[in-house]
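Take a look at the letters that make up each chain.
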Amino acid sequence: MPVPRNIIEQIKQIIPPLNGTLHKGQSGRVGVLGGAMDYTGAPFFAAMSALRLGTDLSHVICAPTAAQAIKSYSPDLIVHPILKEGAPQDKVKKELDSLLSRLHVLILGPGLGREDYMQNYAKMALNLARSKAMFLVLDADALWMIGQNLSLVKGYRRAVLTPNVVEFKRLSEQAGVDTSVPADGRAAEVSKRLGGVVVLQKGPKDLIAIDTTGEAASLEESGIRHVLDEESEKVKEVIEVDVEGGLKRCGGQGDVLSGTVGAMLAWGKCYEDGAFGDKSIAASRIPILAAVGGSMVTRTSSKRAFHVEGRGLITQDMIPYLAKAFAENFGEDLQAGERGKL
């Protein structure tokens, strides 16, 4: 089933116009927390995908052991090697707090790993981000992290979780979802049990679900204010993204997805803050729109890259096609004056 037209039109509203009215930073500032000794590619893919989709600035917050490699991949990324094993916690927390204050969204998971010190820094960053009402993307080992303590994310409606098949099965079990729940209803059930977070269940067709009808969903915990009708915020919605993708799903495609969803969330935060648009889209709606938009663009870039590279497709091949995939789904972006409007 195609993505409903009204959803696409809503996504377009949170995309920054290219008409010369915005200054640097008002098209999104993204942070990716991840990258240690063994993992340098994943945070690069996520951060670069956000840039290539059209955000203004992309930061990677990583361990010193990963910094030089990530810096060498691209001069366009801003790399912060502050996650040092054994460093004083108060010092790192102060640096993280200052850095996150300059960002619109935090992507947790790509290249994070499961070493205790990296997991502890990720928890620290997640809590700081929540205190600032930032949008969040959680993938890979950040999903493993919250599985050990669901309260880290429960009730926070500004979060998007992007589990693959294995991660979704594990998360469903950790959330206590009964196996009798139909397969196409489990993402919504996970969302409900986690208090209305958006769940992007990756698969042959991506399922994006939100259910805020449970008691765990909290507008206050999510920093969503000035809601006139709280009953209208109790929703259950499942959107299927069946946009064609490539026939080879390469390792790292999930990192690209984290970056594209993060980019759309960053745009949504700029929209929420009044940088552009009319604020007719509620802040609580931005995560599901960003998840759908990121899924559509990532799948399309995979399709385009696969048509060229075939069986030899690797993650790096997808990134140059993000702009064209964006145009294919949301309109031809001419990158010039008023013609840049969608």
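Residues numbered from 1 in each chain as written. Predicted model: local features only at pLDDT ≥ 70, side-chain atom pairs only at ≥ 80, totals over all residues. Heavy atoms only, no water.

### What to know about the pattern of salt bridges
Under the defined criterion, the tally for this structure stands at 18 salt bridges. Salt-bridge contacts for Asp141 lead to Arg114; the nearest nitrogen and oxygen are separated by 2.8 Å. Here Arg114 lies in the loop between strand E4 (105-108) and helix H5 (116-131) and Asp141 lies in helix H6 (residues 141-148), a separation of 27 residues in the sequence. The residue Asp206 makes a salt bridge to Arg299 at a minimum N-O spacing of 3.3 Å. Taken together, the positions of Asp206 in strand E8 (residues 206-211) and Arg299 in helix H10 (residues 286-309) put the pair 93 residues apart, joining distant regions of the chain. There is no split in this pair, since Asp206 and Arg299 are both buried. Several salt bridges converge on common partners, so that one network encompasses Arg158, Lys269, Glu272 and Asp273. (Salt bridge = Lys/Arg side-chain N within 4 Å of Asp/Glu carboxyl O. Helix = DSSP H or I, 4+ residues; strand = E, 2+ residues; numbered from the N terminus. Buried < 20%, exposed > 50% of the residue type's maximum accessible area, 1.4 Å probe, protein only.)

### Considerations on the nonpolar core
Counting 65 residues, the largest nonpolar core has Leu77, Leu265, Val292 and Phe330 as its most contacted members. Those residues in contact with Val292 that lie beyond four places of it in its chain are Val3, Ile7, Ile11, Ile208, Ile239 and Val241. Membership of the second largest hydrophobic core comes to 50 residues, among which are Ile61, Leu103, Val177 and Val199. (Core = buried A, V, L, I, M, F, W, Y, C linked by side-chain atoms within 4.5 Å. Contact = heavy atoms within 4.5 Å.)

### Considerations on the sheet that holds strand E9 (residues 236-241)
One open sheet accounts for nine strands, arranged E3-E2-E1-E4-E5-E6-E7-E8-E9; its pairing is mixed. In this open sheet, the two edge strands, each paired with only one partner strand, are strand E3 (78-80) and E9. Ignoring which end each strand starts from, the neighbouring axes of this sheet average 20° apart. Relative to strand E5 (residues 135-138), E4 is paired through four bridges, and the arrangement is parallel. (Pairing = 2+ DSSP bridges. Axes fitted to C-alpha atoms, helices over the stretch in contact; angles between N-to-C directions.)

### A closer look at unusual backbone geometry
Outside of glycine, negative phi angles account for most residues, and trans bonds account for most peptide bonds. Its identity as a non-glycine residue notwithstanding, Ala133 has a phi of 55°, on the positive side. Relative to the assigned elements, Ala133 resides in the loop between H5 and E5. The phi dihedral of Lys279 falls on the positive side, at around 65°, and the residue is not glycine. Position of Lys279 among the secondary structure elements: in the loop between helix H9 (253-272) and H10.

### Here we look at the pairing of strand E7 (residues 198-201)
Across the two faces of E7 the burial is the same, with Val198 and Leu200 and Val199 and Gln201 all buried. By the bridge criterion, two bridges tie strand E6 (residues 159-161) to E7 in an arrangement that is parallel. Pairing of Val160 across the sheet is with Val198, part of E7. Where E7 lies against E8, three bridges are found, and the strand directions are antiparallel.

### Here's the deal with the pairing of E5
By the alternation rule, side chains of E5 split into Phe135 and Val137 and Leu136 and Leu138, which are all buried. Each parallel crossover has a hand, and the one from E5 via H6 to E6 is right-handed. (Right-handed = clockwise from strand over helix to strand, strands pointing away.)

### A closer look at the environment of His59
As for its position among the elements, His59 is in strand E2 (residues 57-61). On a C-alpha basis, the gap between His59 and Lys205 in space is 30 Å, while along the polypeptide they are 146 residues apart. If sequence neighbours within four positions are ignored, His59 has contacts with Val30, Gly31, Val32, Ile78, His80, Leu99 and Leu103.

### Description of the environment of Gly86
You can see Gly86 is positioned in the loop between E3 and helix H4 (89-100). Gly86 sits 31 residues away from Tyr117 along the chain, and the two C-alpha atoms are 7.7 Å apart.

### Observations concerning the side chain of Thr315
Within the element layout of this structure, Thr315 appears in helix H11 (residues 315-318). For Thr315, a relative accessible area of 3% corresponds to the buried category. Not counting residues up to four positions away in its chain, the partners in contact with Thr315 are Phe45, Cys250, Gly251, Gly252, Gln253 and Val256.

### A look at the packing of H10 against helix H12 (residues 322-330)
Running from N to C, H10 and H12 point in directions that differ by 120°, and their axes come no closer than 8 Å. Of the possible angle classes, the one that applies to H10 and H12 is oblique. Seen from above, H10 lies across H12 with right-handed handedness. Contact residues: H10 offers Gly293, Met296, Val297, Thr300, Ser301, Lys303 and Arg304, while H12 offers Leu322, Lys324, Ala325, Phe326, Glu328, Asn329 and Phe330. (Parallel < 35°, antiparallel > 145°, perpendicular 65-115°, else oblique. Left-handed = near helix turned anticlockwise from the far one by under 90°.)

### Concerning helix H7 (residues 165-175)
Among the residues making up H7, those that are buried are Glu167, Phe168, Leu171, Ser172 and Ala175. Taken around the axis of H7, the buried residues stretch over an arc of 130°, which confines them to a single face. Turned more than 90 degrees off the buried face of H7, the exposed positions are Val165, Val166, Lys169 and Glu173. Packing partners of the buried residues in H7 comprise H6, E6, helix H8 (186-193) and E7. Gly176 sits one or two positions beyond H7 and adopts a positive phi of about 85°. (Arc of directions from axis to C-beta.)

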